[in-house]
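Given next are the chains, with one letter for each unit.
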Amino acid sequence: MEDKFIEVKQLYKTFHTKKQDIEVLKGIDLSVEKGEIYGIVGFSGAGKSTLVRCINRLEEPDSGSVKIGDKEITALGKAQLNEQRRKIGMIFQQFNLFDSMTVAQNIAYPLKLTGTSSKEADARVEEMLALVGLTEKKNAYPGELSGGQKQRVGIARALANRPDVLLSDEATSALDPQTTLSVLDLLKEINKKLGLTIILITHELEVIKYTCHRMAVMEDGKILEKGPVRDIFQNPECATARNFIGVYNKFRSDYWQEDAE
Amino acid sequence: MSLYKYSFWEVLRHSFSAEVWEQVVPAISETMYMVGVSSVFVLVFGILLGLILVMTSKEGLMPCKIIHTILGAVINCFRSLPQVIIIIVMLPVARALVGKSYGSNACIISLVASCVPLFARLVESSLLELDKGKIEAAKAMGSGNFRILFTIMVPETLPSLIRAFTNAVVIVISMTALAGSFGAGGIGYIAVTYGYTRFQHDLLFATIIVLIVIVQAVQLVGDTISKLILKKRHLI
């Protein structure tokens, strides 16, 4: 039986600018199972970032609903929303670490919000540092870290409060391929280890293929196609998915050809 | 000693004499008192108003158009007046608050009236430089607005805030000298009464030297602290 953990229904969002109104989400329906890694792929401007930001209401949807577990996120008041956000981790393309805090203080920040005792928080920080393999960087400042290390701190910080969900907003898009791979490996590892549900948005198809169980293809504010990653790769139905996979295969075939020469 | 009777070098040499500094030193302490007290007020109220401006702005954490517009308009009113005019305008206010319209304490009131709006704008622009992503990250963690303000926005922009405050103090110093000509006392008073009215250019030179040294010192301290913080965070 399908266990719908995150359910997005008929989500609409329009941005109002002075010149024009831009409809970014046009009735999104999506359901994510507990413990799966769900990938959303689309070209720039497809609305995938807005969609994921509507899940923790960094962006307020105009209409529609988002449900996580039995909590109706879209119906929460401000205080309840803050409470709920502590159970939703999020990582970003630009990492968004706090430069004024050390790595340990960054990871401890969400713990302070839940009123964790400092002793408990210290232990949790150590545990998180070990998980992301940065124990020796505990007292470093983000300014001293490489991009990949920064994202690992971002992940540790997002996971400190033992969230049920991790939202990944283009988390590997600013990283080089090798670092991307190691960050994705880390995400896969925590998904398995902690049973964490991950929603991952990206414009890189190989990220989805490497990491995700199921995926959705987005374009122009709509989801064109969704299903298990393998099915979509083998039998892409919509033109956008075919286009994506075509580009992906072209890169790969060129690579092999060069290798043969 | 006037430049009309003596050569430039003679006047300059005399500006370091004990006779001159007997008059200048008490004036320095008066100026320091005015600058010190005004700077504290400017720091407290400037930060407060700057934070309100940022928080209530359209993209801020607690948008409130009425407060933002009114506060912005009042600040602009004060900012559009030249310092001389603010001093004159604040004279009756000073009389009402401290009992007289001359002297150091009266001067402090006009200094504060002139420099708080300036520093509030500097605080605003420092805070607006902060990467919005950091605020969003804190929001996504479920941090409340005031917590974001005091644990993220202010600490993250601290080096820039310190530089802004340094600028504000330098302006307070120059304005103290200006207020001296309106009976505030201090270095400005010496420069105007002796240096301008009585052609005692040795005293004028002495006040110039003092002002340059004070401003350099303030700037050096501000820049150093700001740089030390940036270095500690490995941002430079």
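Data block above holds the structure.
Caption draft 1: Looking closely at the sheet that holds strand E6 (residues 88-92) of chain A. Residues and elements named next belong to chain A. The six strands lie next to each other as E6-E7-E8-E3-E9-E10, forming an open sheet whose pairing is mixed. Every other strand in the sheet has two partners, leaving E6 and strand E10 (222-228) as the edge strands with one partner each. In this sheet, neighbouring strand axes are inclined to one another by 15° on average, regardless of whether the strands run parallel or antiparallel. Sheet analysis places strand E3 (residues 37-41) next to strand E8 (residues 197-202), joined by five bridges and oriented parallel.

Caption draft 2: Representation of the sheet that holds strand E2 (residues 21-33) of chain A within the structure. Residues and elements named next belong to chain A. The four strands lie next to each other as E2-E1-E4-E5, forming an open sheet whose pairing is antiparallel. Here the strands that pair on one side only, and so sit at the sheet edges, are E2 and strand E5 (71-72). Relative to strand E4 (residues 63-68), strand E1 (residues 4-16) runs antiparallel, the two being bridged by five bridges. Its bridge partner lying in E4, Lys9 is registered against Ser65.

Caption draft 3: Region of interest: the pairing of E8(A). All names here are of chain A. Counting buried residues in E8 gives six out of six residues, a clear majority hidden from the surface. Here E8 shows two buried faces, one formed by Thr197, Ile199 and Ile201 and the other by Ile198, Leu200 and Thr202. Here strand E7 (residues 165-169) pairs with E8 via five bridges, running parallel. Within E8, the residue paired with Leu167 across the bridge is Ile199. After leaving E7, the chain enters helix H6 (residues 177-194) and then returns to the sheet as E8, a path that is right-handed.

Caption draft 4: Helix H5 (residues 104-128) of chain B, seen in detail. Residues and elements named next belong to chain B. Over its 25 residues, H5 extends 35 Å from the first C-alpha to the last, a length consistent with the 36 Å expected when each residue adds 1.5 Å. At Cys115, H5 shows its strongest bend, of approximately 30°, with the proline Pro117 following within four residues. Most of H5 is tucked away: 20 of the 25 residues are buried.

Caption draft 5: Summary view of empty space enclosed by the protein. Using the criterion set out here, one finds four cavities of 30 Å³ or more in the structure. Approximately 120 Å³ is the volume attributed to the largest cavity. Elements represented by at least two residues in the lining of the largest cavity include exactly E6 and helix H5 (147-159) of chain A together with helix H6 (132-140) of chain B. If you tally residues by element for the lining of the largest cavity, the top one is E6(A), at four residues. Residue composition of the lining of the largest cavity, by class: eight nonpolar, three polar and three charged. Contributing to the lining of the second largest cavity are Ile87(B), Leu91(B), Ser101(B), Tyr102(B), Gly103(B), Ala106(B), Cys107(B), Ser110(B), Ala179(B), Phe182(B), Gly183(B) and Ala184(B). Only helix H4 (83-98), H5 and helix H8 (158-184) of chain B provide two or more residues apiece to the lining of the second largest cavity. Counting residues per element, the lining of the second largest cavity draws most heavily on H8(B), at four residues.

Caption draft 6: Just the interface of chain A and chain B, in detail. Between chain A and chain B, the contact holds 24 residues from the first and 23 residues from the second. Summing the contributions of chain A and of chain B, the shared interface buries around 2100 Å²; its carbon and sulfur component is 55%. On the chain A side of the contact with chain B, Asp99(A), Tyr109(A) and Tyr141(A) bury the most area, a combined 24% of that side's loss. Taken together, the links from chain A to chain B amount to two salt bridges. In this assembly, chain A and chain B are joined by 11 residue pairs in polar contact (both at pLDDT 80 or more).

Caption draft 7: Structural context of the state of the cysteines. Applying the stated criterion to the full structure yields zero disulfides over all chains. The thiol sulfur of Cys212(A) is not disulfide-bonded, and the nearest other cysteine sulfur, from Cys238(A), lies at 16 Å. Cysteine Cys107(B) shares no disulfide, and the gap to the nearest cysteine sulfur, in Cys115(B), comes to 9.8 Å. Under the relative-accessibility criterion, Cys107(B) is labelled buried at 4%.

Conventions and cut-offs
- Residues numbered from 1 in each chain as written.
- Chains lettered and ligands numbered in written order.
- Predicted model: local features only at pLDDT ≥ 70, side-chain atom pairs only at ≥ 80, totals over all residues.
- Heavy atoms only, no water.
- Pairing = 2+ DSSP bridges.
- Helix = DSSP H or I, 4+ residues; strand = E, 2+ residues; numbered from the N terminus.
- Axes fitted to C-alpha atoms, helices over the stretch in contact; angles between N-to-C directions.
- Buried < 20%, exposed > 50% of the residue type's maximum accessible area, 1.4 Å probe, protein only.
- Right-handed = clockwise from strand over helix to strand, strands pointing away.
- Expected span 1.5 Å × (residues − 1).
- Bend = angle between axes of the 7 residues up to and from the residue.
- 1 Å grid on protein atoms, 1.4 Å probe; cavity = no way out; pocket = protein on both sides within 12 Å on 5 of 7 lines; lining within 4 Å.
- Points joined across faces, edges and corners; volume = space filled by probe spheres on them.
- Nonpolar A, V, L, I, M, F, W, Y, C, P; charged D, E, K, R; others polar.
- Contact = heavy atoms within 4.5 Å.
- Buried area = accessible area lost by both parts, 1.4 Å probe.
- Salt bridge = Lys/Arg side-chain N within 4 Å of Asp/Glu carboxyl O.
- Polar contact = N/O pair within 3.5 Å; in protein donor to acceptor, adjacent residues only side chain to side chain.
- Disulfide = S-S within 2.5 Å.

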